[in-house]
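# Coordinate inspection notes
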Amino acid sequence: MEYLNEVEVMPREQLDALKLERLRATLARLNEHVPFYREKFKDSEFRPGDLKSLDDLASLPFTLKDDLRDNYPFGLFAVPMRDIVRIHASSGTTGKPTVDGYTAKDIRVWAELVARAIVAGMGTPDDVVQVAYGYGLFTGGLGLHYGAELLGASVIPISGGNTKRQIRLMVDFGSTILACTPSYALNMAEEMREMGIDPAKDIKLKSGIFGAEPWTEEMRVQLEAALNLSAIDIYGLSETMGPGVAIECQEKNGLHIFEDSFIPEIIDSETGRVLPPGTAGELVITNINKEGMSLLRYRTRDITRLDTTECPCGRTHYRIHRFMGRTDDMLVIRGVNVFPSQIEMILMQIPGLAPQYQIVVDRVSNLDVLEVQVEMSEENFSDEIKVLEELENRIAGEIATYLGIKARVSLKEPKSIRRSDGKAVRVIDNRKLLGGAS
Ligand code: DLL
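The structure presented is a predicted model; accordingly, all values stated were derived computationally and were not measured. (Residues numbered from 1 in each chain as written. Predicted model: local features only at pLDDT ≥ 70, side-chain atom pairs only at ≥ 80, totals over all residues. Heavy atoms only, no water.)

With that settled, consider the domain arrangement of the protein. Many authors give the size of an interface as the accessible area that is lost as the parts come together. Assigned domains within the protein: domain 1 (1-326) and domain 2 (331-434). The gap between the C-alpha centroids of domain 1 and domain 2 is 30 Å. Approximately 1800 Å² of surface area, both sides summed, lies buried where domain 1 meets domain 2, with 50% of it carried by carbon and sulfur atoms. Contact with domain 2 buries surface across domain 1, with E190, E218 and M324 losing the most and accounting together for 27% of the total. In this structure, R419 and E190 form a salt bridge, with 2.7 Å as the shortest nitrogen-oxygen distance. Where domain 1 touches domain 2, the interface holds 11 residue pairs in polar contact (both at pLDDT 80 or more). Of all the elements in the fold, those that place two or more residues in the side of domain 1 that touches domain 2 are α7 (182-194), α8 (217-227) and β15 (325-326). With seven residues, the single largest contributor to the side of domain 1 that touches domain 2 is α7. (Domains from an automatic or database assignment. Buried area = accessible area lost by both parts, 1.4 Å probe. Salt bridge = Lys/Arg side-chain N within 4 Å of Asp/Glu carboxyl O. Polar contact = N/O pair within 3.5 Å; in protein donor to acceptor, adjacent residues only side chain to side chain. Helix = DSSP H or I, 4+ residues; strand = E, 2+ residues; numbered from the N terminus.)

Another point: a nonpolar patch on the surface. Residues F74, M81 and I87 make up a contiguous nonpolar surface patch of about 240 Å² in total accessible area. Structurally, I87 can be placed in strand β1 (residues 86-89). (Patch = residues over 30% accessible without salt bridge, like charges linked within 9 Å, V, L, I, M, F, W, Y side chains within 5 Å. Areas by Shrake-Rupley, 256 points an atom, 1.4 Å probe, with all protein chains shown as cover.)

Our next topic: the state of the cysteines. All told, the structure shown has zero disulfides when counted by the stated rule. Left unpaired, C311 is separated from the closest cysteine sulfur, that of C313, by 3.6 Å. On the basis of relative accessible area, C311 is assigned to the buried category, the value being 7%. (Disulfide = S-S within 2.5 Å. Buried < 20%, exposed > 50% of the residue type's maximum accessible area, 1.4 Å probe, protein only.)

Attention shifts here to the side chain of S341. Its location among the elements puts S341 in helix α9 (residues 340-348). The class of S341 is buried, set by a relative accessible area of 13%.

Let us now look at the nonpolar core. If you look at the biggest cluster of nonpolar residues, it comprises 66 residues, and the most contacted ones within it are L144, I209, Y235 and I320. Tallying contributions element by element places helix α4 (residues 104-120) first for this core, with 10 residues. Ignoring anything within four residues of it in the chain, the contact list for I209 reads I118, Y133, L144, I177, L178, A179, C180, I232, I234 and I247. Residues M188, A189, A396 and I399 belong to the second largest nonpolar core, which totals 50 residues. (Core = buried A, V, L, I, M, F, W, Y, C linked by side-chain atoms within 4.5 Å. Contact = heavy atoms within 4.5 Å.)

Bringing the pattern of salt bridges into the picture now. A side chain of one charge can pair with a side chain of the opposite charge when the charged atoms of the two come close. This structure, assessed with the given rule, holds 33 salt bridges. One salt bridge in this structure joins K19 and D16, with 3.5 Å as the shortest N-O distance. Residue K19 and its partner D16 are both found in helix α1 (residues 12-33); the two are separated by three residues, about one turn of the helix. K19 sits in the buried class, given a relative accessible area of 5%. The salt bridge partner of R322 is D233, with a shortest N-O separation of 3.9 Å. Note that R322 is positioned in the loop between β14 (319-320) and β15 and D233 in strand β7 (residues 230-237), a separation of 89 residues in sequence.

Structure below.
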């Protein structure tokens, strides 16, 4: 099974025509049913009815995370509550949660998109899919669940956590696909080693569908070796649907964004101008196949670039490059911009380290101080001061060379950095507590 739906290989001209038709219908619905958008259209020179081509999208207003918060909880819904069958929401750790509503049709569309994603991850109806994303208001668990069921695979709805039990069931039930965050997959690999389980002999995993947080190519190498599987990257966000917005195929050369449901644009986040393919910037998504809530030009804050070149897999939908991070994850350390993923990339290339790290930023005497804490691997663990110092200096040297910043490096004992069973917390920015974070 190479792909699920003919639309995935639709010729570009036809796909663009479908996008335009769906965009027109979406604008008309938003104008009619969502006062927030009606007001926005009134204020803009461009009216929904003026839309002639997909290029005109650039003349339409953006939607920001704050717009969702200002309209909390249901102000952006485009159908009456009677037609909403599911509500998801973000955790709201950094403010009011953002809420999304789905009609019965939306749930079907979403399941189909995720089923496509699982097929791209080598899934078939014969697979046993262990869904270890959290179930609940978070879209990961239920999103993967419905997609895998629609495909006809056997689903293990285990959710996140209870790692020993996850592994026992993985062995006993013969799971062939694991769906969870990459950081949780790493924790599972670690636990497996401790339980004496050999991924090459005792488990049947063939692929991992990993996403919901940024991860690097270097992390992929570690995960594929530790779990003996093929790891692919899945992207999505609760504001526009959930997982299944974009997925890597087996070429692993970018994530195909399902353009029959989401129109991608890359913009310069300072000026809001649309950037040409190949240039990195902020991903903006327009929902064109969703009824309950559709966002127009939603600014995701995720940084990537668009690849419009042909993919050998045959899917015609454009690709977005593996994410560097979010605009709001970017650390500004003494004026230098740094993404946690850049630090991850450096750490993963240095032998003797475990793929577990945390970045702590502080301000001391008005100067930003960056500390990188990283665990040593069990095999290389040493408490000899000289060995530790040498390795710390080497890591600090690599960070200085590649990123041009000075970092204090602290090597940690194996298993001393807190593990998570969902999205890992990689950065602790104490400057925010001081009210001076950038
Ligand atoms: O994380 C949806 C999801 C669930 C995606 C399961 C993939 C798998 P939110 O909790 O709303 O939704 O978080 C969305 O997570 O804007 C990105 O910053 C980040 N993110 C999601 N997938 C990736 C990825 C889900 N593959 C936010 N790479 C997004 C990098 C990702 N960042």
